[in-house]
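The chain contents come next:
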Amino acid sequence: MAGIFDEANMNRVLGDCLPEGETLLAGIHGITLQVNQKKTSYFDVYIGITGRYLLVAECEERQYLTAAYPKIRDFRKTVAEDVGVCFPFEDIRHCEIKKAIMGAVNCSITFRNGDFLRLQLPKRGGLGGGMPHHAEYRAAIIARLERFQG
């Protein structure tokens, strides 16, 4: 679990999602709480922004409980399979931002095509100092999403 709180790993994962010509401006570790209107989802994700896009990518590939059961399939969809990983800001219709437990912020994002994504942006970027820019980048992401309130 500590590996997901590594800024270099986050930059690599989000870098793989970047549209051509875009530069990652900010990225943090977060959690998905809901994908589309009726599906609860709880995945560790990296949340990033560029000048024109919101990026949401899972931190790690699926892992099974133990290596003793390698043939058990995981039928849950990933966030990418449910809604994607790269969202143009112009496709966001509305974003509701609310305070959550322990200083976290929940962002409920509705897209113009009807898709829905609810993210939690924790106040802290994990233990051990692996994400030294978390507070700064979190503020930048929240400020960008606040433009879609109201």
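Higher on the page you've got the structure.
A brief report on the enclosed structure follows. Computed from a predicted model, the values in this text were never measured in an experiment.

## A word on the overall build of the protein chain
Next, step 1: A tally of helices and strands in the protein chain yields three helices and seven strands.
Next, step 2: The N-to-C order of helical and strand elements in the protein chain reads α-β-β-β-α-β-β-β-β-α.
Next, step 3: Every one of the 150 residues in the protein chain was classed for burial, and the buried ones make up 46%.
Next, step 4: Within the protein chain, counting contacts between residues at least 6 apart in sequence, those at least 24 apart form 57% of the total.
Next, step 5: A total accessible area of about 8,800 Å² is found for the protein chain, and carbon and sulfur atoms account for 52% of it.

## Some points on the pattern of salt bridges
Next, step 1: Applying the stated criterion across every chain, the model contains three salt bridges.
Next, step 2: We note a salt bridge from Arg-52 to Glu-22, for which the minimum N-O separation is 3.5 Å. In this pair, Arg-52 is assigned in the loop between β2 (39-49) and β3 (53-58) and Glu-22 in the loop between α1 (7-15) and β1 (26-35), connecting sequence segments 30 residues apart.
Next, step 3: For Glu-96, the salt bridge is made with Lys-98, and the minimal N-O distance between the two is 3.0 Å.

## Comments concerning the environment of Glu-58
Next, step 1: Mapped onto the fold, Glu-58 is located in strand β3.
Next, step 2: By relative accessible area, which is 17% here, Glu-58 ends up buried.
Next, step 3: When the C-alpha positions of Glu-58 and Val-85 are compared, they lie 8.7 Å apart, and in sequence the two are 27 residues distant.

## A closer look at the environment of Ile-28
Next, step 1: Structurally, Ile-28 can be placed in strand β1.
Next, step 2: Here Ile-28 falls in the buried class, since its relative accessible area comes to 0%.
Next, step 3: Considered as a pair, Ile-28 and Arg-138 are 110 residues apart in the sequence and their alpha carbons are 6.4 Å apart.
Next, step 4: Beyond its immediate stretch of four places on either side in the chain, Ile-28 contacts Met-10, Val-45, Tyr-46, Ile-47, Leu-121, Met-131, His-134, Tyr-137, Arg-138 and Ile-141.

## Looking at the side chain of Glu-7
Next, step 1: Tracing the backbone through its elements, the reader meets Glu-7 in helix α1.
Next, step 2: The charged side chain of Glu-7 is buried without a salt bridge, its nearest counter-charge being Arg-138 at 13 Å.
Next, step 3: Filtering out sequence-adjacent residues up to four positions away, Glu-7 remains in contact with Gly-130, Met-131, Pro-132, His-133 and Tyr-137.

## Structural notes on unusual backbone geometry
Next, step 1: The residue Met-102 is not glycine, and still its phi comes out positive at about 55 degrees.
Next, step 2: Structurally, Met-102 is set in the loop between β5 (92-99) and β6 (105-111).
Next, step 3: Relative accessible area serves as the criterion here: at 74%, Met-102 is assigned to the exposed category.

## Comments concerning the packing of aromatic side chains
Here a ring pair, both rings aromatic, is described through the centre-centre distance and the interplanar angle of the planes.
Next, step 1: Enumeration over the complete set of coordinates arrives at two aromatic pairs.
Next, step 2: Seen in terms of ring centroids, Phe-87 and Phe-111 are 4.9 Å apart; in terms of plane orientation they differ by 25 degrees. Their pairing is stacked. Of this pair, Phe-87 sits in strand β4 (residues 86-88) while Phe-111 sits in strand β6, and the two are 24 residues apart along the sequence. Phe-111 carries the same exposure label as Phe-87, and that label is buried.
Next, step 3: Seen in terms of ring centroids, Phe-89 and Phe-148 are 6.1 Å apart; in terms of plane orientation they differ by 20 degrees. Their pairing is stacked. Remark: Phe-148 occurs in the segment after α3 (134-146) and Phe-89 occurs in the loop between β4 and β5; sequence separation between them is 59 residues.
Next, step 4: You can call Phe-148 buried: its relative accessible area is 15%.

Thresholds applied
Residues numbered from 1 in each chain as written. Predicted model: local features only at pLDDT ≥ 70, side-chain atom pairs only at ≥ 80, totals over all residues. Heavy atoms only, no water. Helix = DSSP H or I, 4+ residues; strand = E, 2+ residues; numbered from the N terminus. Buried < 20%, exposed > 50% of the residue type's maximum accessible area, 1.4 Å probe, protein only. Contact = heavy atoms within 4.5 Å. Areas by Shrake-Rupley, 256 points an atom, 1.4 Å probe, with all protein chains shown as cover. Salt bridge = Lys/Arg side-chain N within 4 Å of Asp/Glu carboxyl O. Lys, Arg positive; Asp, Glu negative; His and termini not counted. Phe/Tyr/Trp six-rings, centres within 6.5 Å; stacked < 30°, edge-to-face > 60°.

Just distances and angles here, no functional claims.
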